[in-house]
Amino acid sequence: MTDLPTTLTAIPCRICRAAAQPFFSKLILGKHQVPYFKCPACGQVQTDPPHWLEEAYRGPASKLDVGMADRCIWTAQTTVALARRLGIGPEELCLDWGSGTGFLVRFCCDYGMNFFYSDLYAVNVFASGFEWDTKNPPSNWACVTAFEVAEHLPDPLINFGELFKLSPKHILFSTLLYSGQAADWWYFTNNGQHVAFYTRRSLEIIAGHYGYRLASNDCDLHLFSRDRVRDGILNSCRKSREKLSAHYRKRHGSRTLSDFEQVMKLEA
């Protein structure tokens, strides 16, 4: 960390548009001295407008993400568990936004859910053939998931709007909340990919802006919903994710065989 330039001034908060104040400065990607700003109104922390993002995603940061597999498993199990608790049926349409390898899509389908893949940049390894049709998108999504996405959004209020345009009943996503951590918090990573750091209040503003309600475990798991959902359901589903997801699969059956037959037809 370095001292902030004395000439640095406030910039608009990219959530509530209040004047976000200079917070600290950090060297990003070994070359960009980037100021961070903290909003006194909603608490959101944000970087300077991130002109370095394209460079950040060309780097080797993904090789350092040794927790990717474990994270995919617990988020997938939690998604199925929440579907059971919210009454999302096996034929209702669900979409994973920023799917990456497609592991979550495949897992959720294997456990009986009707999931589709969406990622403009990643290589679809596990869910090939289950990409959503962007030219003819459905308008009845039951749930959209967006894990490890929110902290990467350069203009969150606008960027989240792309998900809300789909008019889903629920949007389930993950991001660690900012709650007064110092500038050496590990989530303020120097790889240049994390540019937005949310508080509960800033997420409530996003939800309200689009006519949704927020449920949150006040840590890392959050839900935008058209209905009122208790905060406690998120930690409950996470804690009992293995049992609840297994119950969902037992009740509705796996889509593995039917999906295989569908892919074979596409290949024929």
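Residues numbered from 1 in each chain as written. Predicted model: local features only at pLDDT ≥ 70, side-chain atom pairs only at ≥ 80, totals over all residues. Heavy atoms only, no water.

**Q** Sorry if this is basic, but what is going on with helix α6 (residues 200–209) here?
**A** For an α-helix, the turn length of 3.6 residues means that residues three or four places apart are oriented alike. Listing the buried residues of α6 in full gives Ser202, Leu203, Ile206 and Ala207. Projection of α6 onto a plane perpendicular to its axis shows the buried side chains occupying an angular sector of 140°, all on one side. Here the buried face of α6 lies against α4 (156–159), α5 (161–164), β8 (170–174), β10 (213–216) and β11 (221–225). A positive backbone phi angle near 80° is found at glycine 211, which sits one or two residues after α6. (Buried < 20%, exposed > 50% of the residue type's maximum accessible area, 1.4 Å probe, protein only. Helix = DSSP H or I, 4+ residues; strand = E, 2+ residues; numbered from the N terminus. Arc of directions from axis to C-beta. Contact = heavy atoms within 4.5 Å.)

**Q** Which parts of the structure should I look at to understand the environment of arginine 201?
**A** With respect to the helices and strands, arginine 201 occurs in helix α6. Between the C-alpha atoms of arginine 201 and glycine 112, which are 89 residues apart in sequence, the distance is 35 Å.

**Q** Would you mind showing me how to read the sheet that holds strand β5 (residues 93–97) here?
**A** Hydrogen bonds between backbone atoms are what pair the strands of a sheet, whose relative direction is either parallel or antiparallel. Read from one edge to the other, the open sheet built from 6 strands follows the order β6-β5-β7-β8-β11-β10, with strand pairing classed as mixed. Here the strands that pair on one side only, and so sit at the sheet edges, are β6 (114–118) and β10. Strand after strand, the sheet turns through a mean of 20° between neighbouring axes, direction not considered. Against the sheet, helix α2 (residues 68–86) makes contact with β6, β7 (141–146), β8 and β11, and its axis sits at roughly 40° relative to β11, the strand it touches most. (Pairing = 2+ DSSP bridges. Axes fitted to C-alpha atoms, helices over the stretch in contact; angles between N-to-C directions.)

**Q** Even after reading the chapter, I still don't get the pattern of salt bridges, so can you show me in this structure?
**A** One pass over the full model with this rule turns up 14 salt bridges. Residues glutamate 162 and lysine 165 are paired through a salt bridge, measuring 3.2 Å at the closest nitrogen-oxygen approach. With relative accessibility at 62%, the residue lysine 165 sits in the exposed group. Each of Arg200, Arg201, Glu204, Asp218 and Asp231 takes part in one network of salt bridges that share partners. (Salt bridge = Lys/Arg side-chain N within 4 Å of Asp/Glu carboxyl O.)

**Q** How should I be thinking about the pairing of β6 in this particular structure?
**A** On any regular strand, side chains alternate: one points to one face of the sheet, the next to the other face. Taken across its 5 residues, β6 has 4 buried, putting it largely inside the fold. The sheet contact formed by β5 and β6 spans 5 bridges and is parallel. Across the sheet, leucine 93 pairs through a bridge with asparagine 114, a residue of β6. What joins β5 to β6 is helix α3 (residues 103–110), and the crossover it makes is right-handed. (Right-handed = clockwise from strand over helix to strand, strands pointing away.)

**Q** What should I look at first to understand the side chain of asparagine 124 in this one?
**A** As for its placement among the helices and strands, asparagine 124 is situated in the loop between β6 and β7. Take asparagine 124: its relative accessible area is 18%, and that puts it in the buried class. Within polar-contact distance, the side chain of asparagine 124 engages the side chain of glutamate 131 at 2.9 Å. The residues contacting asparagine 124, other than those within four sequence positions of it, are Gly100, Thr101, Gly102, Tyr117 and Glu131. (Polar contact = N/O pair within 3.5 Å; in protein donor to acceptor, adjacent residues only side chain to side chain.)

**Q** Mind showing me how you'd approach the environment of tyrosine 198 here?
**A** Among the secondary structure elements, tyrosine 198 is positioned in the loop between β9 (196–197) and α6. Separated by 152 residues in sequence, tyrosine 198 and glutamine 46 have C-alpha atoms that sit 8.6 Å apart. Within the local environment of tyrosine 198, its side chain forms a polar contact with the backbone oxygen of alanine 150, the two atoms lying 2.6 Å apart.

**Q** How should I be thinking about the pairing of β8 in this particular structure?
**A** Burial runs high along β8: 5 of the 5 residues are buried. A two-sided burial pattern is seen for β8, the buried positions comprising His170, Leu172 and Ser174 on one face and Ile171 and Phe173 on the other. When β8 meets β11, the two strands line up antiparallel, connected through 5 bridges. Bridged to isoleucine 171 within β11 is phenylalanine 224.

**Q** What's the story with unusual backbone geometry in this structure? I'm lost.
**A** In terms of backbone geometry, most residues other than glycine have negative phi values and most peptide bonds are trans. Notably, arginine 17 is not glycine yet its phi reads approximately 75°, a positive angle. Relative to the helices and strands, arginine 17 is located in the loop between β1 (11–12) and β2 (19–28). For arginine 17, a relative accessible area of 42% puts it in the partly exposed group. Even without being glycine, serine 167 reaches a positive phi, approximately 55°. As for its placement among the helices and strands, serine 167 is situated in the loop between α5 and β8.

Just distances and angles here, no functional claims.
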